[in-house]
Amino acid sequence: MPTAVAVTSPELVLPSPDRHTPPAAILQSAEPGERGGSLDRTLAEIHTLVEQHGHVLVVHPAAAPPALVHRLHAARAALETDRLALVGVDLPPLGTALLALQLRQLSICDFSPGVLASAARLLAHYLHAGAVLGSVARLDQVPVGLKAHAKSWLPGSQFAVLARPEPQLVRLSGDQDPGLKAPGFPTRLVVAEGGLPAERVTGALARAWHVREVTPTKLPAASADWWGTSKLTEFAAAIPDISVLYQLVSSVRREECHWCGLELIGDRCAFCAAPLPPPGERGRRALPATRPAPGRLRGREPAPALARTAPAAAGRALPPARDPRLAPALDTGAAPPGAPQAPAGPTGGPATGVHALRPAQREAPADWGPHRPYEDPHQPPPPPRSRNPRP
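Keep in mind the model is a prediction, meaning the values are calculated, not measured. (Residues numbered from 1 in each chain as written. Predicted model: local features only at pLDDT ≥ 70, side-chain atom pairs only at ≥ 80, totals over all residues. Heavy atoms only, no water.)

Chemist: Quick one: what's the story with the overall build of the protein, residue by residue and with numbers?
Modeler: For the protein, the count of helices and strands is 10 helices and 12 strands. Looking at the 391 residues of the protein, the share that counts as buried comes to 37%. In the structure as shown, the protein presents an accessible area of about 25100 Å², 55% of it carried by carbon and sulfur atoms. (Helix = DSSP H or I, 4+ residues; strand = E, 2+ residues; numbered from the N terminus. Buried < 20%, exposed > 50% of the residue type's maximum accessible area, 1.4 Å probe, protein only. Areas by Shrake-Rupley, 256 points an atom, 1.4 Å probe, with all protein chains shown as cover.)

Chemist: Which residues make up the sheet that holds strand β1 (residues 4-7), and what values go with them?
Modeler: Across the sheet, which stays open at both edges, the four strands sit in the order β2-β1-β3-β4 with parallel pairing between neighbours. Two strands lie at the open edges of the sheet, namely β2 (25-26) and β4 (84-89), each paired on one side alone. One ladder, built from two bridges, connects β1 with β2; its direction is parallel. Residue pairing in the sheet places Val7 in a bridge with Ile26 of β2. Set on the sheet, helix α2 (residues 66-79) makes contact with β3 (56-61) and β4; between it and β4 the angle comes to about 160°. Sheet contacts for helix α3 (residues 93-106): β1, β3 and β4; angle to β1, the most-contacted strand, approximately 165°. (Pairing = 2+ DSSP bridges. Contact = heavy atoms within 4.5 Å. Axes fitted to C-alpha atoms, helices over the stretch in contact; angles between N-to-C directions.)

Chemist: How would you explain the pattern of salt bridges if you had to name every residue and give the values?
Modeler: Counted under the stated rule, the structure contains six salt bridges. Between Arg41 and Glu45 there is a salt bridge, and its shortest N-O distance comes to 3.9 Å. On the criterion of helical spacing, the pair formed by Arg41 and Glu45 is a turn pair, its members being four residues apart in helix α1 (residues 39-53). Given a relative accessible area of 36%, Arg41 falls into the partly exposed group. Of the charged contacts, one joins Asp267 and Arg121 as a salt bridge, the two residues approaching to 2.9 Å between their closest N and O atoms. Remark: Arg121 occurs in helix α4 (residues 113-124) and Asp267 occurs in the loop between β12 (263-264) and α9 (303-314); sequence separation between them is 146 residues. The exposure class of Asp267 is partly exposed, given its relative accessible area of 43%. (Salt bridge = Lys/Arg side-chain N within 4 Å of Asp/Glu carboxyl O.)

Chemist: So what about the sheet that holds strand β5 (residues 128-133)? Which residues, and what values?
Modeler: The sheet built from six strands is open, its strands ordered β7-β6-β5-β10-β8-β9 with mixed pairing. A single partner strand is all that each edge strand has here, and the edge strands are β7 (168-171) and β9 (213-217). Neighbour to neighbour, the strand axes of the sheet diverge by 20° on average, direction disregarded. Relative to strand β6 (residues 159-164), β5 runs antiparallel, the two sharing five bridges. When the bridges of β6 are listed, Ala129 appears paired with Arg164. Seen against the sheet, α3 touches β8 (188-193), β9 and β10 (232-238) and runs at an angle of roughly 30° to β10. Running over the sheet, helix α6 (residues 199-209) touches β5, β6, β8, β9 and β10 and is turned about 25° from β10.

Chemist: Describe α6, naming the residues involved and giving the relevant values.
Modeler: Taken together, the buried positions of α6 are Arg200, Val201, Gly203, Ala204, Leu205, Ala206 and Trp209. Buried positions along α6 lie against β5, β6, β8, β9 and β10. Positive phi shows up at His210, right after α6, with a value of about 55°.

Chemist: Which residues make up the packing of α1 against α2, and what values do they have?
Modeler: Where α1 meets α2, the axes come as close as 9 Å, and the angle between the chain directions of the two elements is 60°. Viewed along their axes, α1 and α2 adopt a mutual orientation that is oblique. Like other packed secondary-structure pairs, α1 and α2 cross with a definite hand, here right-handed. Residues Leu39, Thr42, Leu43, Ile46 and His47 of α1 form the contact with α2, whose own contacting residues are Arg71, Leu72, Ala74, Ala75, Ala78 and Leu79. (Parallel < 35°, antiparallel > 145°, perpendicular 65-115°, else oblique. Left-handed = near helix turned anticlockwise from the far one by under 90°.)

Chemist: Help me get a handle on the nonpolar core, residues and values and all.
Modeler: Ranked by size, the top nonpolar core spans 58 residues in total, and within it Trp227 and Val249 carry the most contacts. Take this core: its biggest share by element is eight residues, from α3. Among residues more than four places away in sequence, those in contact with Val249 are Leu106, Phe111, Val115, Ala119, Leu122, Leu123 and Ile265. In terms of nonpolar packing, the next biggest core, distinct from the first, is built from 18 residues, Ala4, Ala25, Ile46 and Leu72 among them. (Core = buried A, V, L, I, M, F, W, Y, C linked by side-chain atoms within 4.5 Å.)

Chemist: Residue-level account of the side chain of Thr96, with values.
Modeler: Counting through the fold element by element, Thr96 comes out in helix α3. Taking relative accessible area as the criterion, Thr96 reaches 1% and is therefore assigned buried. A distance of 3.4 Å separates a polar side-chain atom of Thr96 from the backbone oxygen of Leu91. (Polar contact = N/O pair within 3.5 Å; in protein donor to acceptor, adjacent residues only side chain to side chain.)

Chemist: Give me the environment of Val161: which residues, what numbers.
Modeler: With respect to the helices, strands and loops of the structure, Val161 is situated in strand β6. Since its relative accessible area comes to 0%, Val161 is described here as buried. Residues Val161 and Val144 lie 17 residues apart in sequence; the distance between their C-alpha atoms is 10.0 Å.

Chemist: Please provide a residue-by-residue account of the environment of Arg138, values included.
Modeler: Tracing the backbone through its elements, the reader meets Arg138 in the loop between β5 and α5 (146-151). We classify Arg138 as exposed; its relative accessible area is 67%. Remark: the alpha-carbon pair of Arg138 and Ser152, spanning 14 residues in sequence, is separated by 9.9 Å.

Chemist: Describe in detail the confidence of the model for the protein, supporting the description with residues and values.
Modeler: Taken as a whole, the protein shows an average pLDDT of 78; of its residues, 70% reach a score of 70 or greater. Taken element by element, the predicted model of the protein shows its lowest mean pLDDT in α9 (39) and its highest in α3 (97). This stretch, residues 352-362, has a pLDDT under 50; its non-local contacts, to residues over four places away or in other chains, come to six contacts. Residue range residues 364-374 is modelled with pLDDT below 50. Its contacts to residues more than four positions away, or to other chains, number zero contacts. (pLDDT = per-residue confidence, 0-100.)

Below is the structure:
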(Lines give C-alpha, C1' and ligand atoms only; values in the text may rest on other atoms or scores of the structure.)
Protein backbone atom coordinates (compact mmCIF):
# COMPACT_ATOMS: atom_id res chain seq x y z
CA MET A 1 0.00 0.00 0.00
CA PRO A 2 1.57 3.36 -1.04
CA THR A 3 1.93 6.25 1.34
CA ALA A 4 -1.27 8.27 1.49
CA VAL A 5 -1.09 11.91 0.35
CA ALA A 6 -3.85 13.96 1.97
CA VAL A 7 -4.88 17.58 1.44
CA THR A 8 -6.98 19.94 3.51
CA SER A 9 -9.33 21.10 0.74
CA PRO A 10 -10.85 19.56 -2.42
CA GLU A 11 -9.61 22.61 -4.34
CA LEU A 12 -6.05 21.34 -3.85
CA VAL A 13 -6.77 18.18 -5.84
CA LEU A 14 -5.86 18.19 -9.54
CA PRO A 15 -7.06 15.43 -11.88
CA SER A 16 -4.63 12.54 -12.31
CA PRO A 17 -2.71 12.64 -15.62
CA ASP A 18 -2.78 8.82 -15.87
CA ARG A 19 -4.62 5.88 -14.38
CA HIS A 20 -1.65 4.84 -12.21
CA THR A 21 -1.61 7.94 -9.99
CA PRO A 22 -3.54 7.27 -6.78
CA PRO A 23 -6.22 9.75 -5.72
CA ALA A 24 -5.64 12.22 -2.93
CA ALA A 25 -7.28 11.82 0.46
CA ILE A 26 -9.35 14.87 1.44
CA LEU A 27 -9.68 15.69 5.13
CA GLN A 28 -13.35 16.68 5.35
CA SER A 29 -12.92 17.91 8.91
CA ALA A 30 -10.38 20.51 7.74
CA GLU A 31 -12.89 22.34 5.55
CA PRO A 32 -14.45 25.53 6.94
CA GLY A 33 -18.17 25.45 7.60
CA GLU A 34 -20.55 23.22 9.43
CA ARG A 35 -18.77 19.96 8.52
CA GLY A 36 -15.35 21.11 9.66
CA GLY A 37 -13.77 22.29 12.85
CA SER A 38 -14.15 19.09 14.87
CA LEU A 39 -11.08 17.58 16.51
CA ASP A 40 -12.83 14.24 17.04
CA ARG A 41 -13.55 13.94 13.33
CA THR A 42 -10.00 14.87 12.44
CA LEU A 43 -8.74 12.17 14.79
CA ALA A 44 -11.04 9.59 13.21
CA GLU A 45 -10.02 10.47 9.65
CA ILE A 46 -6.29 10.46 10.32
CA HIS A 47 -6.48 7.25 12.36
CA THR A 48 -8.30 5.51 9.50
CA LEU A 49 -5.72 6.64 6.96
CA VAL A 50 -2.82 5.53 9.15
CA GLU A 51 -4.36 2.08 9.65
CA GLN A 52 -5.01 1.66 5.92
CA HIS A 53 -1.77 3.05 4.46
CA GLY A 54 0.77 2.84 7.27
CA HIS A 55 2.12 6.37 6.72
CA VAL A 56 0.20 9.56 5.87
CA LEU A 57 1.54 12.79 4.37
CA VAL A 58 -0.75 15.81 4.87
CA VAL A 59 -0.02 18.72 2.52
CA HIS A 60 -1.46 22.04 3.67
CA PRO A 61 -0.74 25.66 2.69
CA ALA A 62 1.56 27.55 5.00
CA ALA A 63 -0.95 30.41 4.93
CA ALA A 64 -3.76 28.17 6.22
CA PRO A 65 -5.81 29.41 9.19
CA PRO A 66 -3.94 28.91 12.47
CA ALA A 67 -6.90 27.00 13.93
CA LEU A 68 -6.59 24.37 11.20
CA VAL A 69 -2.84 23.95 11.69
CA HIS A 70 -3.26 23.69 15.48
CA ARG A 71 -5.97 21.07 15.06
CA LEU A 72 -3.71 18.94 12.84
CA HIS A 73 -0.86 19.09 15.33
CA ALA A 74 -3.24 18.33 18.19
CA ALA A 75 -4.49 15.25 16.33
CA ARG A 76 -0.94 14.03 15.80
CA ALA A 77 -0.12 14.50 19.47
CA ALA A 78 -3.33 12.78 20.62
CA LEU A 79 -2.72 9.76 18.40
CA GLU A 80 0.90 9.55 19.62
CA THR A 81 2.01 8.36 16.19
CA ASP A 82 5.20 8.98 14.26
CA ARG A 83 3.64 7.87 10.98
CA LEU A 84 1.97 11.22 10.25
CA ALA A 85 3.87 14.02 8.48
CA LEU A 86 2.48 17.56 8.33
CA VAL A 87 4.07 19.45 5.44
CA GLY A 88 3.34 23.15 5.20
CA VAL A 89 3.94 24.47 1.68
CA ASP A 90 4.80 28.14 1.12
CA LEU A 91 3.32 28.29 -2.40
CA PRO A 92 0.25 29.88 -3.99
CA PRO A 93 -2.88 27.69 -3.88
CA LEU A 94 -2.51 26.40 -7.44
CA GLY A 95 1.18 25.68 -6.91
CA THR A 96 0.32 23.73 -3.73
CA ALA A 97 -2.17 21.61 -5.68
CA LEU A 98 0.42 20.90 -8.37
CA LEU A 99 3.00 19.88 -5.76
CA ALA A 100 0.50 17.52 -4.13
CA LEU A 101 -0.05 15.93 -7.55
CA GLN A 102 3.68 15.31 -7.97
CA LEU A 103 3.84 13.66 -4.54
CA ARG A 104 0.92 11.44 -5.52
CA GLN A 105 2.80 10.40 -8.65
CA LEU A 106 5.94 9.52 -6.67
CA SER A 107 4.00 7.62 -3.99
CA ILE A 108 3.76 4.57 -6.28
CA CYS A 109 7.56 4.46 -6.65
CA ASP A 110 9.93 2.59 -4.36
CA PHE A 111 10.62 5.61 -2.14
CA SER A 112 10.32 5.21 1.61
CA PRO A 113 7.80 7.42 3.45
CA GLY A 114 10.58 9.61 4.88
CA VAL A 115 12.13 10.27 1.46
CA LEU A 116 8.73 11.00 -0.10
CA ALA A 117 7.82 13.50 2.61
CA SER A 118 11.22 15.20 2.42
CA ALA A 119 10.94 15.45 -1.36
CA ALA A 120 8.24 18.12 -1.02
CA ARG A 121 10.84 20.80 -0.25
CA LEU A 122 13.02 19.65 -3.13
CA LEU A 123 10.23 19.65 -5.72
CA ALA A 124 9.05 23.10 -4.61
CA HIS A 125 12.34 24.59 -5.88
CA TYR A 126 11.56 23.36 -9.41
CA LEU A 127 8.02 24.73 -9.46
CA HIS A 128 7.20 28.13 -11.02
CA ALA A 129 4.04 29.76 -9.67
CA GLY A 130 2.64 33.15 -10.61
CA ALA A 131 -0.39 35.09 -11.79
CA VAL A 132 -1.58 37.95 -13.97
CA LEU A 133 -3.18 40.52 -11.66
CA GLY A 134 -5.34 43.54 -12.28
CA SER A 135 -3.95 45.27 -9.16
CA VAL A 136 -1.04 44.86 -6.79
CA ALA A 137 -2.24 47.36 -4.20
CA ARG A 138 -3.01 44.60 -1.69
CA LEU A 139 -0.33 42.13 -2.68
CA ASP A 140 1.92 41.30 0.27
CA GLN A 141 3.42 37.97 -0.86
CA VAL A 142 5.82 39.65 -3.33
CA PRO A 143 7.77 42.89 -2.83
CA VAL A 144 5.96 45.73 -4.62
CA GLY A 145 7.70 49.01 -5.40
CA LEU A 146 6.14 52.43 -4.88
CA LYS A 147 5.94 53.07 -8.65
CA ALA A 148 4.14 49.80 -9.36
CA HIS A 149 1.84 50.41 -6.42
CA ALA A 150 0.86 53.81 -7.81
CA LYS A 151 0.28 52.50 -11.35
CA SER A 152 -1.97 49.74 -10.06
CA TRP A 153 -4.64 52.41 -9.40
CA LEU A 154 -4.82 53.30 -13.09
CA PRO A 155 -7.78 51.72 -14.91
CA GLY A 156 -6.88 48.82 -17.18
CA SER A 157 -3.50 48.15 -15.57
CA GLN A 158 -2.24 44.57 -15.48
CA PHE A 159 0.82 43.01 -13.89
CA ALA A 160 2.59 39.70 -14.38
CA VAL A 161 3.85 38.39 -11.04
CA LEU A 162 6.09 35.42 -10.39
CA ALA A 163 5.99 34.38 -6.72
CA ARG A 164 8.20 31.25 -6.79
CA PRO A 165 11.01 30.37 -7.09
CA GLU A 166 12.24 34.00 -7.38
CA PRO A 167 9.87 36.96 -6.88
CA GLN A 168 9.42 39.08 -9.98
CA LEU A 169 6.90 41.78 -10.95
CA VAL A 170 6.42 43.21 -14.48
CA ARG A 171 3.86 45.73 -15.69
CA LEU A 172 2.15 44.53 -18.86
CA SER A 173 1.46 46.61 -21.94
CA GLY A 174 0.12 45.16 -25.18
CA ASP A 175 0.25 41.50 -26.12
CA GLN A 176 4.01 40.97 -25.95
CA ASP A 177 5.86 38.48 -23.78
CA PRO A 178 5.49 39.36 -20.08
CA GLY A 179 9.24 38.88 -19.64
CA LEU A 180 9.10 36.60 -16.63
CA LYS A 181 12.11 34.38 -16.01
CA ALA A 182 11.46 31.08 -17.73
CA PRO A 183 12.37 27.67 -16.28
CA GLY A 184 15.34 25.93 -17.86
CA PHE A 185 13.50 22.63 -18.45
CA PRO A 186 10.32 21.45 -20.18
CA THR A 187 7.20 22.04 -18.11
CA ARG A 188 3.50 21.44 -17.94
CA LEU A 189 1.48 24.62 -17.41
CA VAL A 190 -1.68 24.58 -15.30
CA VAL A 191 -3.86 27.68 -15.73
CA ALA A 192 -6.84 28.78 -13.60
CA GLU A 193 -8.85 31.68 -15.02
CA GLY A 194 -10.45 34.17 -12.63
CA GLY A 195 -11.66 37.68 -13.35
CA LEU A 196 -9.11 38.21 -16.16
CA PRO A 197 -8.87 36.35 -19.50
CA ALA A 198 -6.21 33.66 -19.74
CA GLU A 199 -5.12 34.33 -23.36
CA ARG A 200 -2.00 36.21 -22.26
CA VAL A 201 -0.84 33.22 -20.18
CA THR A 202 -1.78 30.46 -22.63
CA GLY A 203 -0.41 32.42 -25.58
CA ALA A 204 2.65 34.66 -25.11
CA LEU A 205 3.81 33.20 -21.79
CA ALA A 206 3.43 29.56 -22.91
CA ARG A 207 5.42 30.22 -26.09
CA ALA A 208 8.21 32.02 -24.22
CA TRP A 209 8.48 29.23 -21.66
CA HIS A 210 8.40 26.41 -24.27
CA VAL A 211 5.54 24.71 -22.48
CA ARG A 212 4.73 21.21 -23.68
CA GLU A 213 1.16 21.03 -22.39
CA VAL A 214 -1.39 23.54 -21.06
CA THR A 215 -4.04 22.21 -18.67
CA PRO A 216 -6.95 24.46 -17.62
CA THR A 217 -8.47 24.02 -14.18
CA LYS A 218 -10.73 25.75 -11.69
CA LEU A 219 -9.43 28.67 -9.68
CA PRO A 220 -9.09 27.81 -5.95
CA ALA A 221 -11.17 29.93 -3.60
CA ALA A 222 -8.09 30.81 -1.53
CA SER A 223 -6.34 32.41 -4.51
CA ALA A 224 -8.13 35.75 -4.14
CA ASP A 225 -6.89 36.16 -0.56
CA TRP A 226 -3.38 34.99 -1.39
CA TRP A 227 -2.92 37.40 -4.33
CA GLY A 228 -4.91 40.27 -2.80
CA THR A 229 -7.41 40.63 -5.67
CA SER A 230 -10.20 38.69 -7.35
CA LYS A 231 -9.24 39.87 -10.87
CA LEU A 232 -6.49 37.44 -11.75
CA THR A 233 -5.39 34.43 -13.77
CA GLU A 234 -3.22 32.05 -11.78
CA PHE A 235 -0.73 29.65 -13.35
CA ALA A 236 1.83 27.09 -12.22
CA ALA A 237 4.47 25.20 -14.21
CA ALA A 238 6.26 22.02 -13.11
CA ILE A 239 8.06 18.94 -14.44
CA PRO A 240 5.43 16.66 -16.01
CA ASP A 241 7.45 13.46 -16.54
CA ILE A 242 7.41 11.07 -13.59
CA SER A 243 10.68 9.45 -14.72
CA VAL A 244 12.45 12.82 -14.45
CA LEU A 245 10.95 13.38 -11.01
CA TYR A 246 12.12 9.93 -9.93
CA GLN A 247 15.66 10.61 -11.15
CA LEU A 248 15.69 14.00 -9.43
CA VAL A 249 14.75 12.60 -6.03
CA SER A 250 16.98 9.52 -6.40
CA SER A 251 20.07 11.63 -7.11
CA VAL A 252 19.96 13.29 -3.67
CA ARG A 253 21.97 11.72 -0.86
CA ARG A 254 19.88 9.95 1.73
CA GLU A 255 20.44 10.09 5.46
CA GLU A 256 18.93 8.28 8.42
CA CYS A 257 17.04 10.25 11.01
CA HIS A 258 18.75 9.86 14.38
CA TRP A 259 15.43 10.21 16.20
CA CYS A 260 12.80 8.11 14.36
CA GLY A 261 15.09 6.07 12.10
CA LEU A 262 13.38 6.95 8.80
CA GLU A 263 15.29 7.85 5.66
CA LEU A 264 15.32 11.48 4.61
CA ILE A 265 16.79 13.88 2.10
CA GLY A 266 17.71 17.39 3.07
CA ASP A 267 18.43 18.68 6.56
CA ARG A 268 15.23 17.86 8.49
CA CYS A 269 12.92 14.89 8.95
CA ALA A 270 9.36 15.57 7.80
CA PHE A 271 7.80 13.11 10.27
CA CYS A 272 9.46 13.98 13.61
CA ALA A 273 10.88 17.41 12.57
CA ALA A 274 14.30 16.44 13.98
CA PRO A 275 17.19 18.32 12.29
CA LEU A 276 20.05 16.43 10.75
CA PRO A 277 23.12 16.30 13.04
CA PRO A 278 26.34 18.04 11.95
CA PRO A 279 28.59 16.04 9.59
CA GLY A 280 31.01 15.17 12.40
CA GLU A 281 28.27 13.60 14.53
CA ARG A 282 26.41 11.63 11.88
CA GLY A 283 26.43 7.88 12.18
CA ARG A 284 27.18 7.82 15.92
CA ARG A 285 25.03 5.34 17.76
CA ALA A 286 24.92 4.62 21.46
CA LEU A 287 26.21 1.13 22.29
CA PRO A 288 23.62 -1.18 23.81
CA ALA A 289 23.97 -1.68 27.54
CA THR A 290 25.34 -5.13 28.42
CA ARG A 291 24.54 -6.88 31.66
CA PRO A 292 27.61 -8.16 33.56
CA ALA A 293 27.95 -11.87 34.24
CA PRO A 294 27.04 -13.14 37.73
CA GLY A 295 29.84 -12.74 40.22
CA ARG A 296 31.76 -10.15 38.19
CA LEU A 297 32.01 -6.43 38.56
CA ARG A 298 31.43 -4.16 35.58
CA GLY A 299 34.68 -3.03 34.02
CA ARG A 300 36.88 -5.75 35.64
CA GLU A 301 38.32 -8.90 34.12
CA PRO A 302 38.26 -12.23 35.94
CA ALA A 303 41.37 -13.20 37.98
CA PRO A 304 42.34 -16.28 35.86
CA ALA A 305 42.76 -14.12 32.78
CA LEU A 306 45.16 -11.83 34.61
CA ALA A 307 47.14 -14.81 35.95
CA ARG A 308 47.62 -16.16 32.46
CA THR A 309 48.89 -12.85 31.10
CA ALA A 310 51.24 -12.09 34.03
CA PRO A 311 54.15 -14.41 33.03
CA ALA A 312 54.16 -13.12 29.47
CA ALA A 313 54.30 -9.53 30.64
CA ALA A 314 57.05 -10.29 33.15
CA GLY A 315 59.28 -11.86 30.47
CA ARG A 316 59.38 -8.71 28.32
CA ALA A 317 62.30 -6.37 28.98
CA LEU A 318 62.24 -2.65 28.44
CA PRO A 319 64.67 -1.22 25.88
CA PRO A 320 67.79 0.42 27.34
CA ALA A 321 67.65 4.16 27.76
CA ARG A 322 69.98 6.34 25.71
CA ASP A 323 70.51 8.76 28.55
CA PRO A 324 71.55 7.16 31.89
CA ARG A 325 69.65 9.84 33.71
CA LEU A 326 66.41 8.63 32.11
CA ALA A 327 66.87 4.97 33.10
CA PRO A 328 65.13 5.19 36.50
CA ALA A 329 62.19 6.96 34.87
CA LEU A 330 61.79 4.27 32.16
CA ASP A 331 62.19 1.33 34.56
CA THR A 332 58.68 0.60 35.75
CA GLY A 333 59.95 -1.79 38.41
CA ALA A 334 62.44 0.61 40.03
CA ALA A 335 61.75 1.73 43.54
CA PRO A 336 61.28 5.41 44.27
CA PRO A 337 64.24 7.39 45.59
CA GLY A 338 64.83 6.96 49.33
CA ALA A 339 62.91 3.65 49.54
CA PRO A 340 64.64 0.59 51.13
CA GLN A 341 66.12 -1.89 48.69
CA ALA A 342 64.83 -5.43 48.60
CA PRO A 343 67.30 -8.17 49.63
CA ALA A 344 69.17 -9.84 46.84
CA GLY A 345 69.09 -13.57 46.22
CA PRO A 346 72.00 -15.98 45.67
CA THR A 347 72.05 -15.37 41.91
CA GLY A 348 72.00 -11.60 42.21
CA GLY A 349 68.33 -11.25 41.25
CA PRO A 350 65.43 -10.48 43.52
CA ALA A 351 65.21 -12.60 46.61
CA THR A 352 62.62 -15.35 46.72
CA GLY A 353 61.65 -17.96 49.28
CA VAL A 354 63.69 -17.94 52.48
CA HIS A 355 66.05 -15.29 51.15
CA ALA A 356 63.23 -12.84 51.11
CA LEU A 357 62.81 -13.33 54.88
CA ARG A 358 66.18 -11.82 55.67
CA PRO A 359 65.97 -8.22 56.76
CA ALA A 360 67.51 -5.69 54.47
CA GLN A 361 70.70 -3.98 55.59
CA ARG A 362 70.03 -0.41 56.37
CA GLU A 363 72.48 2.39 56.94
CA ALA A 364 72.43 3.69 60.49
CA PRO A 365 71.47 7.26 60.89
CA ALA A 366 74.23 9.75 61.70
CA ASP A 367 72.91 10.51 65.17
CA TRP A 368 73.12 6.90 66.44
CA GLY A 369 76.81 7.10 67.37
CA PRO A 370 80.31 7.88 66.14
CA HIS A 371 81.20 6.98 62.60
CA ARG A 372 83.08 3.69 62.25
CA PRO A 373 85.32 2.86 59.31
CA TYR A 374 84.23 0.16 56.87
CA GLU A 375 85.24 -3.35 58.05
CA ASP A 376 86.10 -5.91 55.39
CA PRO A 377 85.11 -9.44 56.55
CA HIS A 378 87.94 -11.04 54.46
CA GLN A 379 90.75 -9.09 56.15
CA PRO A 380 92.11 -10.04 59.61
CA PRO A 381 91.07 -7.76 62.41
CA PRO A 382 93.63 -5.19 63.57
CA PRO A 383 95.61 -5.94 66.78
CA PRO A 384 94.05 -4.64 69.94
CA ARG A 385 95.50 -1.54 71.41
CA SER A 386 96.93 -1.61 74.92
CA ARG A 387 95.14 0.33 77.48
CA ASN A 388 98.44 1.26 79.18
CA PRO A 389 100.35 3.82 77.19
CA ARG A 390 104.07 3.34 76.65
CA PRO A 391 106.42 5.23 78.93
